[in-house]
Amino acid sequence: MTTIPASPTVDAIMAAERAKSFTTRSIKRESKLHALKLAMSMVDLTTLEGKDSPEKIRSICAKAVTPWAGHDCPSVAAVCFYPSMVKLAKELLAGTGVNVASVATGFPSGQYPLEVRLRDTERAIEDGADEIDMVINRGAFLSGREGVVFDEIEAVSRLCKDSGAHLKVILETGELETLDNVRRASDIAIAAMLASGLLDEPGAGFIKTSTGKVSPAATMPVTLVMLEAIRDAHARDGVLVGMKPAGGIKTAKQAWHYLVMVNETLGGVAGDGNPWLSPGLFRFGASSLANDLLRQMQKLKTGTYAAGYDFSEA
Amino acid sequence: MIESAGIFEYATAPEGVRPTLRDRYGHFIGGAFVEPAEGEYFRTINPATEEVIAEVAEGSKADVDRAVNAAREALPAWSALPGVERAKYIYRIARRVQELSRELAVAESMDGGKPIRESRDVDVPLAAQHFFYYAGWADKLGYAFAGGGKFVGIGEDGAPLTPALSPGGEREQRHRVISPVGVCGQVIPWNFPLLMASWKLGPALAAGNTCVLKPAETTPLTALMLAEIFEEVELPAGVVNIVTGAGATGAAVVEHPGVNKVAFTGSTEVGKKIAHAIAGTGKKLTLELGGKSPNIVFEDASIDQAVEGIVQGIYFNQGHVCCAGSRVFVQESVAGEVIAKLKRRMGELRVGDPLDKNTDVGAINSAAQLSTIERYIDAGKSDGGAFWQAGGGVPSSGYWCRPCLFEGVQPSAVVAREEIFGPVLAVMTFRTPAEAIQRANNTPYGLAAGVWTDKGSKIFEIAKWLDAGVVWLNTYNKFDAASPFGGFKESGFGREGGVHGLRSYVTFG
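Residues numbered from 1 in each chain as written. Chains lettered and ligands numbered in written order. Predicted model: local features only at pLDDT ≥ 70, side-chain atom pairs only at ≥ 80, totals over all residues. Heavy atoms only, no water.

> What exactly am I supposed to notice about the overall build of chain A here?
Scanning chain A for helices and strands turns up 12 helices and 8 strands. Expected size for 314 residues packed as a compact globule is a radius of gyration near 20 Å; at 18 Å, chain A falls within 12% of this value. For chain A, the C-alpha atoms occupy an extent of roughly 55 × 45 × 35 Å along the three principal directions. The buried share of chain A, reckoned over its 314 residues, is 58%. Put simply, 75% of the contacts in chain A that link residues at least 6 apart link residues at least 24 apart. Entry remark: accessible area of chain A is about 11500 Å², with carbon and sulfur atoms responsible for 51%. Counting 34 positive and 37 negative side-chain charges, chain A places the centres of these two groups 7 Å from one another. (Helix = DSSP H or I, 4+ residues; strand = E, 2+ residues; numbered from the N terminus. Rg over C-alpha atoms; globule rule 2.2 N^0.38 Å. Buried < 20%, exposed > 50% of the residue type's maximum accessible area, 1.4 Å probe, protein only. Contact = heavy atoms within 4.5 Å. Areas by Shrake-Rupley, 256 points an atom, 1.4 Å probe, with all protein chains shown as cover. Lys, Arg positive; Asp, Glu negative; His and termini not counted. Charge placed at Lys NZ, Arg CZ, Asp CG, Glu CD.)

> Could you clarify how one ought to interpret the overall build of chain B in this entry?
Within chain B, the secondary structure is distributed over 15 helices and 21 strands. Computed over C-alpha atoms, the radius of gyration of chain B comes to 24 Å, within 12% of the 23 Å expected from 2.2 N^0.38 for 509 residues, which places it in the range of a compact globule. Principal axes of the C-alpha set define a box for chain B whose edges measure 90 × 50 × 45 Å. Across the 509 residues in chain B, those meeting the buried criterion constitute 61%. Put simply, of all contacts in chain B between residues at least 6 apart along the chain, 75% involve residues at least 24 apart. When the accessible surface of chain B is split by element, carbon and sulfur atoms take 52% of a total near 18700 Å². Averaging the positions of the 49 positive and the 58 negative side-chain charges in chain B gives two centres separated by 5 Å.

> Explanation requested: the packing of aromatic side chains in the structure shown.
Remark: the centre distance and the inter-plane angle together describe each pair of aromatic rings, the angle taken between the planes. Residues and elements named next belong to chain B. Within the structure shown, the criterion is met by 19 aromatic pairs over all chains. Taken together, a centroid distance of 5.3 Å and an interplanar angle of 65° make the contact between W199 and F485 edge-to-face. Note that W199 is positioned in helix α5 (residues 193–206) and F485 in the loop between β19 (470–473) and β20 (492–493), a separation of 286 residues in sequence. The exposure classification of W199 matches that of F485, with both residues buried. Ring pairs connect the aromatic residues W199, W472, Y476, F479 and F485, which therefore count as one cluster. It is K261 that lies over the ring of Y505; its NZ or CZ is 4.8 Å from the centre. (Phe/Tyr/Trp six-rings, centres within 6.5 Å; stacked < 30°, edge-to-face > 60°. Lys NZ or Arg CZ within 6 Å of the ring centre and 35° of its normal.)

> Just to check I follow, could you spell out the interface of chain A and chain B for this structure?
It is common to give the size of an interface as the accessible area lost on bringing the parts into contact. Listed per partner, the contact involves 38 residues of chain A and 38 residues of chain B. Of the roughly 3100 Å² buried at the junction of chain A and chain B (both faces included), carbon and sulfur atoms supply 50%. At the boundary of chain A and chain B, one finds 5 salt bridges. Two residues, D360 of chain B and R25 of chain A, come together in a salt bridge whose shortest N-O distance is 2.8 Å. The interface formed by chain A and chain B includes 17 residue pairs in polar contact (both at pLDDT 80 or more). Going through the elements one at a time, α1 (12–21), α2 (29–41), α10 (220–237) and α11 (252–266) of chain A are the ones with two or more residues in the side of chain A that touches chain B. The element contributing the most residues to the side of chain A that touches chain B is α11 of chain A, with 6 residues. (Buried area = accessible area lost by both parts, 1.4 Å probe. Salt bridge = Lys/Arg side-chain N within 4 Å of Asp/Glu carboxyl O. Polar contact = N/O pair within 3.5 Å; in protein donor to acceptor, adjacent residues only side chain to side chain.)

> Would you mind going over the domain arrangement of chain B with me for this structure?
Residue and element names in this part refer to chain B. When cut into domains, chain B gives domain 1 (24–289 + 492–508) and domain 2 (294–480). Distance from the C-alpha centre of domain 1 to the C-alpha centre of domain 2: 31 Å. Each partner contributes to the interface: domain 1 provides 30 residues, whereas domain 2 provides 29 residues. The contact between domain 1 and domain 2 buries some 2500 Å² in all, and 58% of this surface belongs to carbon and sulfur atoms. Here domain 1 is connected to domain 2 by 1 salt bridge. Those elements that place two or more of their residues in the side of domain 1 that touches domain 2 are α3 (101–112) and α4 (116–137). Per element, the largest residue contribution to the side of domain 1 that touches domain 2 is 8 residues, and it comes from α4. For the side of domain 1 that touches domain 2, the class distribution of residues is 13 nonpolar, 10 polar and 7 charged. (Domains from an automatic or database assignment. Nonpolar A, V, L, I, M, F, W, Y, C, P; charged D, E, K, R; others polar.)

> Please explain the nonpolar core as it appears in this structure.
Nonpolar side chains in soluble globular proteins generally cluster together in the buried interior. Counting 113 residues, the largest nonpolar core has I93, L201 and L226 of chain B as the members making the most contacts within it. Of the domains in this structure, domain 1 (24–289 + 492–508) and domain 2 (294–480) of chain B are the two that each give at least three residues to this core. Setting aside chain neighbours within four positions, we find L226 of chain B in contact with I93, V97, F131, L194, A197 and L201 of chain B. Of all hydrophobic cores here, the second largest spans 102 residues; its members include I188, A204, I249 and V262 of chain A. (Core = buried A, V, L, I, M, F, W, Y, C linked by side-chain atoms within 4.5 Å.)

> Please explain the packing of α3 of chain B against α4 of chain B as it appears in this structure.
The geometry of a pair of packed helices is captured by two quantities: the angle between their axes and the separation between those axes. Residues and elements named next belong to chain B. At a minimum axis distance of 9 Å, the contact between α3 and α4 shows a crossing angle of 125°. The angle between the axes of α3 and α4 places the two elements in the oblique class. The two elements α3 and α4 meet at a crossing, and its hand is right-handed. Along its contact with α3, which presents S101, L104, A105, V106, E108 and S109, the element α4 presents I116, S119, R120, D123 and V124. Classifying every residue of the contact of α3 with α4 gives 5 nonpolar, 3 polar and 3 charged. (Axes fitted to C-alpha atoms, helices over the stretch in contact; angles between N-to-C directions. Parallel < 35°, antiparallel > 145°, perpendicular 65-115°, else oblique. Left-handed = near helix turned anticlockwise from the far one by under 90°.)

> Explain the sheet that holds strand β1 (residues 43–46) of chain A here, please?
The strands making up a sheet associate through hydrogen bonds between their backbones, and the pairing can be parallel or antiparallel. Residues and elements named next belong to chain A. Strands sit in the order β7-β6-β5-β4-β3-β2-β1-β8 across an open sheet of 8 strands; the sheet is parallel. Since the sheet does not close on itself, it has two edges, and those belong to β7 (242–244) and β8 (284–286), each with one partner. Each neighbouring strand pair of the sheet contributes to a mean axis angle of 25°, computed without reference to strand direction. Contacts from helix α3 (residues 54–65) reach β1 and β2 (78–81), with the element oriented near 160° to β2. (Pairing = 2+ DSSP bridges.)

> When you look at the sheet that holds strand β5 (residues 51–57) of chain B in this model, what are you seeing that I'm missing?
All names here are of chain B. One open sheet accounts for 3 strands, arranged β1-β5-β4; its pairing is mixed. For this open sheet the edge positions go to β1 (24–25) and β4 (41–46), each flanked by a neighbour on one side alone. In this sheet, β5 lies alongside β1 in parallel orientation, the contact comprising 2 bridges. Paired with R24 across the bridge in β5 is E55. Sitting on the sheet, α3 is in contact with β4 and β5, with an inclination near 100° to β4.

> Any chance you could explain the pairing of strand β11 (residues 261–265) of chain B here in plain terms?
The side chains of a regular strand alternate between the sheet's two faces. Residues and elements named next belong to chain B. By the criterion of burial, β11 is predominantly enclosed, with 5 of the 5 residues buried. Neither face of β11 is exposed, since K261, A263 and T265 on one face and V262 and F264 on the opposite face are all buried. Relative to β11, strand β8 (residues 183–187) runs parallel, the two being bridged by 4 bridges. Considered in β11, the bridge of G185 is made with V262. In this sheet, strand β12 (residues 284–288) lies alongside β11 in parallel orientation, the contact comprising 5 bridges. When the bridges of β12 are listed, T265 appears paired with E288.

> It is not clear to me how α5 of chain B should be interpreted in this structure. Could you clarify?
Side chains three or four residues apart in an α-helix point the same way, a direct result of the helix having 3.6 residues per turn. The first and last C-alpha atoms of α5 of chain B sit 20 Å apart over 14 residues, in line with the 20 Å expected at 1.5 Å per residue. Summarising burial for α5 of chain B: 14 of the 14 residues are buried, a large majority. (Expected span 1.5 Å × (residues − 1).)

> I keep staring at the environment of K458 of chain B and nothing clicks. Help me out?
Turning to its location among the elements, K458 of chain B is positioned in helix α14 (residues 456–465). The contact partners of K458 of chain B, leaving out residues within four places of it in the chain, are F298, D300 and T453 of chain B.

> In this structure, what is going on with the side chain of T173 of chain A? I would like to understand it.
Residues and elements named next belong to chain A. Its place among the elements puts T173 in helix α8 (residues 173–176). On the basis of relative accessibility, which here comes to 3%, the residue T173 falls in the buried class. For T173, the residues in contact, after removing those within four places along its chain, are V182, T209, S210, A217, V222 and M226.

Right under this line is the structure:
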């Protein structure tokens, strides 16, 4: 087992205070449009329900490529589905530049034998998944078996590296409860991806907050702590690890609060500029965010708010 | 490879509200604005633009005399009002401060240079909170102090009134008498003008005193807006009088024989002069003076949050804070990491237009203060400290100093001993807890301290040994109306805030 670096403690009160400070930044009109388009390009348009149908997948894929027909609006970064929908999605999105992400490893609980979880991952990749969103073994983490968590992430990570897929490691922070745990799990995930060689490619490995099946999902303090782990990993190992908050980000306003946080936490960390302000290193896992981004874009253009039904529900 | 989508820029977000300000303000005496006796006015400017905002009356001895007399005349009726009636006035003031919070915040930022983010989120809400808090005490003064008592007002002869007879004709002997001190002369500084006014006026009014308040000469506007609020809520004439001016006006307030109590917040140098001036006069005195507060970061602290605390400790309000954490002591094993993270974080601080909602660090309060800060920076350099200043520009007009620090500072250096009152941090290291305590306490001051560690037992052990009126644990610069604030050693005596803050505004008979 490769060593996992020591993790700093996190003071929850000051972390929450810092996270809140990002929400008081004002972004004016011109920057807002840029921020909205940037946020759109970072969306992983997601549906993860037992009742998902091929028709719903078709709707989402169409929306992913062209969120706002007839307007200057980028495609989203990826769609995110259960493995059974990957083949279809891959056919629909061929040549569009929109990636297909698949949850795997016994999502959302991860409570399956390791060989089943690895096979789940292999199948998704065989079906054409560009990105794998795996879940960590929270049972092992919370019982202190960090080596198990590390080894399992490393195994999945090797599968991804060998097949050229990217990986997002879902910590399920709502189940980890404390920010100390969030930081520790982030450090373990990054160390495991590093050990597998996945991180040789910038942006090939992400850490992700949540499955969306547990409340609370993504919060700003949790995301801040994960961004700090990413920042420290860059300082320590020179790697560029991506970040994906998922679940609960529904409004454009929330999205740009997150972008402000990325801007101020990772700006200047990797030389001039901020590579994390791109879909290659930052994603929003969301379903309803895209339409609110569109509403705000329309507001900037016309000065009036559109009704919810003015935009297609994917 | 990663394609960068371009840098994420904030645009300026100027606060739109503009307060209604007069071109010229007289003194507020006896419930109305009056012309100064000698007809002199001075200008108050916006330190971010150097533009004149308004002219303000220069207070002479005659003006102070008039104000003290008005306060004296108002005292018997005000102090004899039932507590619940005094409370109603103070609640009205508090509500009006809340209602006018944006106007007051903008005026505070225009006159003093502090970022609107702070005046809006800290100064004005806390000022309102202090009025609300002390309004609540006005009818409970008999229960505010250990042993209780019977609160009575002051009579026309200046002596406490006699408590009423019980129904049986017996005088109540069980209770001691608690009465107002009388006329309070209050001299406040320029770093938190409205908040300091509320700290001083809230407890004084609740306890039935009348006041002569002298705001700082560079920041008189929000106190004068407060005077307009007093007019609006029909506070009885003379209960609060505001005389503007510089040091000589303050001295006239302090030295006036009709003043029963002096409350001063400001520099230790002036505080000492005041103590000399009133020695032997029988006046009561509270002093809230300077500081050189230590912020101690242990190796087991949550480092990112400790860095946040260091920034809040010293760069809040451009370092114009009496309890600023201007000396940081970092445990040697984490000094490199802390300093590197601190510098990166300092680079994220936005310095500029105080009225821009994105601004983190505003303008230095005055040209004089800027030259003081620059003098200290020069002294720090010649003492051999390694100087580092966050990059970036500053506006072409106005008074500015980008956040900066000195590394490798020795405890004997001027920047480690004297209060700079600017965004200048002295960083020092230590190896053992005993050394941290010894270095932290090695100062003539004792206003505040910060301790950063994730270990609970260490927090309490260290806090026990620090000579400071306030010790913040894993946080810094947090204030609350219910919490007392004040100093040890040359940082002054007496407490403001909380029930403790009432103690200086009553006498026991």
